[in-house]
Amino acid sequence: MKQKIALITGATSGIGLETARILSENNFNLIITGRRKNRLEDLRQELEHDHCVVLSLCFDIQSKEEVDQALLSLSEEWRKVDVLINNAGLAAGFDPIDKAKTEDWESMIDTNIKGLLYVTHEVSNWMIKRNEGHILNIGSIAGIEPYPNGTVYCGTKHAVIAISKAMRIELAPYNIKVSTVSPGAVETEFSLVRFKGEKEKAQKVYEGFTPLNGRDIAESIYFVVSRPAHVNIDDLLIMPTAQSSARDIFRK
Ligand code: NDP
Ligand code: 8X3
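Description of the structure in this document. (Residues numbered from 1 in each chain as written. Chains lettered and ligands numbered in written order. Predicted model: local features only at pLDDT ≥ 70, side-chain atom pairs only at ≥ 80, totals over all residues. Heavy atoms only, no water.)

## A word on the site of ligand 1
Formally: Being near a molecule or strand, for a residue, means having at least one of its heavy atoms within 4 Å of it. N or O atoms closer than or at 3.5 Å make up a polar contact, with two conditions inside protein: a donor-capable atom paired with an acceptor-capable one, and, for residues adjacent in sequence, both atoms drawn from side chains. For every accessible area listed, the method is Shrake-Rupley and the probe measures 1.4 Å; residues are considered covered only by the protein chains on display. Under the convention adopted here, Pro, Cys and the residues Ala, Val, Leu, Ile, Met, Phe, Trp and Tyr are nonpolar, Asp, Glu, Lys and Arg are charged, and Gly plus all remaining residues are polar.
Taken together, 29 residues lie around ligand 1, and Thr12, Ser13, Arg35, Tyr153 and Thr188 are the ones closest in. A distance of 2.9 Å separates an oxygen atom of ligand 1 from a polar atom in the backbone of Ile15. Lys157 places a polar side-chain atom, nitrogen or oxygen, 2.9 Å from an oxygen atom of ligand 1. In isolation ligand 1 offers 880 Å² of accessible surface; the protein chains occlude 96% of this area. Partitioning the shell around ligand 1 into residue classes produces 11 nonpolar, 13 polar and 5 charged.

## Some words on helix α2 (residues 37–47)
We count it as follows: Partly exposed describes any residue whose relative accessible area lies between the buried limit of under 20% and the exposed limit of over 50%, with all areas from a 1.4 Å probe on protein chains only and scaled to the type maximum. The numbering of helices and of strands both runs from the N terminus, where a helix is a DSSP run of H or I of at least 4 residues and a strand a run of E of at least 2. The reported arc concerns the directions from the helix axis to the C-beta atoms and nothing else. By definition in these notes, contact holds between two residues if any of their heavy atoms fall within 4.5 Å.
Taken together, the buried positions of α2 are Leu40, Leu43 and Leu47. One face of α2 carries all of its buried residues, which in axial projection span an arc of 65 degrees. Along α2, the residues that are exposed and aim more than 90 degrees away from the buried face are Lys37, Asn38, Asp42 and Gln45. Those residues of α2 hidden inside the fold are in contact with α1 (14–25), β2 (29–34) and β3 (54–58).

## Some points on unusual backbone geometry
The backbone phi angle of Asn149 is positive, close to 75 degrees, even though this residue is not glycine. One can find Asn149 in the loop between β5 (133–138) and α5 (151–171). Positioned with a positive phi, Asn175 is a non-glycine residue whose angle comes to about 65 degrees. For Asn175, the position within the fold is in the loop between α5 and β6 (176–183). For Asn175, a relative accessible area of 45% gives the class partly exposed.

## Describing the side chain of Ser140
Its location among the elements puts Ser140 in the loop between β5 and α5. Reaching out from Ser140, the side chain makes a polar contact with the backbone nitrogen of Ala142 at a distance of 2.8 Å. Non-local contacts of Ser140, meaning those with residues more than four positions away in its chain, are made with Tyr153, Lys157, Ser182 and Pro183.

Structural data, given as structure tokens:
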């Protein structure tokens, strides 16, 4: 069987990094992306083996120009992407609507919604030409249950769910699967980014319970992308056992 190609956005950390690891273990060839060049290079060296070639593309997903330039630099062979994992994303700030910084809203909207769309626009064209492919978008419990102080982050993740549902209808005639994987609390760099590097605030998010880790989500992602051709998992919601809703976490 020919080796599959997966393109993972946001592979320098957290869920994307663990997804790259598990797909390398399962002999996918990989295109890994992110802004941190050193991390991409270290990861490329870690993941490559006899049955896994890794290509890294360094770009800011908020910039359509950078996205287009990076993707169009790929050769015809590398454009045969079987699986696109739209994972790059962030929350910026934890504030009510009247106090939040508008630049935080812009970075979330530009990354979580527009960045996902820029990448998908190009890659879906390649998949349509080949009449096959699988697009997996990382949603969130925040895309199902909005919570206070997360207005715009929740809005972006609701958008990801809506965009995924509509894309699934549009792309079915081209034999392209569309799935969403929506996690609850996963301990990654997510909270450190949300609280702008304030370690204490970030650590508090995961205190008193066992959160998910990147590998937990990566295992489910691998399950979703390794089903037989006639099976699509539309949506998976994965929560820590102690988290029963977006706002309810049982802490000891
Ligand atoms: P991390 O902060 O650990 O990883 C985020 C990844 O996204 C990094 O690789 C980062 O790369 C990339 N990224 C962010 N902004 C940009 C940008 N402008 N251009 C290119 N790449 C970018 O967080 P997670 O692994 O937790 O987050 C991954 C996804 O999972 C996100 O979409 C997040 O919303 C979602 N999610 C996370 C949950 C959690 O609790 N952690 C729960 C539910 C969903 P770099 O900085 O190198 O550019
Ligand atoms: C990340 C999970 O609950 O912090 O999407 O929004 S949450």
